[in-house]
Amino acid sequence: MELWDIPLARFGEFVAEIPSPLGIGTLTLADGRAVKGFICEPQALESATDITEWGGWKAWLARHQRA
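Residues numbered from 1 in each chain as written. Predicted model: local features only at pLDDT ≥ 70, side-chain atom pairs only at ≥ 80, totals over all residues. Heavy atoms only, no water.

If you look the protein up in an unreviewed UniProt entry, it shows as Allophanate hydrolase from Cronobacter muytjensii.

Draft legend 1. Broad picture of the overall build of the protein. Secondary structure assignment for the protein yields three helices and two strands. Starting at the N terminus and ending at the C terminus, the protein contains elements arranged as α-β-β-α-α. For 67 residues, the compact-globule estimate of 2.2 N^0.38 gives 11 Å, and the C-alpha radius of gyration of the protein, at 14 Å, exceeds that figure by more than 25%. Counting across all 67 residues of the protein, residues that qualify as buried make up 13%. Accessible surface computed for the protein: about 5,900 Å², of which carbon and sulfur atoms make up 58%. Distance between charge centroids for the protein: 7 Å, based on 6 positive and 9 negative side chains. (Helix = DSSP H or I, 4+ residues; strand = E, 2+ residues; numbered from the N terminus. Rg over C-alpha atoms; globule rule 2.2 N^0.38 Å. Buried < 20%, exposed > 50% of the residue type's maximum accessible area, 1.4 Å probe, protein only. Areas by Shrake-Rupley, 256 points an atom, 1.4 Å probe, with all protein chains shown as cover. Lys, Arg positive; Asp, Glu negative; His and termini not counted. Charge placed at Lys NZ, Arg CZ, Asp CG, Glu CD.)

Draft legend 2. Geometry of the packing of aromatic side chains. Applying the stated criterion to the full structure yields two aromatic pairs. Relative to W60, the ring of W57 has its centre 5.4 Å away and its plane inclined at 20°; by these criteria the two rings are stacked. With W57 and W60 both in helix 3 (residues 57-66), this residue pair falls three residues apart, about one helical turn. You can call W60 buried: its relative accessible area is 19%. (Phe/Tyr/Trp six-rings, centres within 6.5 Å; stacked < 30°, edge-to-face > 60°.)

Here is the structure:
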């Protein structure tokens, strides 16, 4: 998980640039904190690749850049 601090005054501008099927929702972290983060519309998951075994998005990207 990466946490970024985006000024509240710029949050709407940031959210407006997020393409479908992504969106912003509330995520609960392992330590119990609730933060805003990326979510995905359920229909997009039907054809999605499960990257769990790679340990995260950055590791999955790195794997494909080497291939």
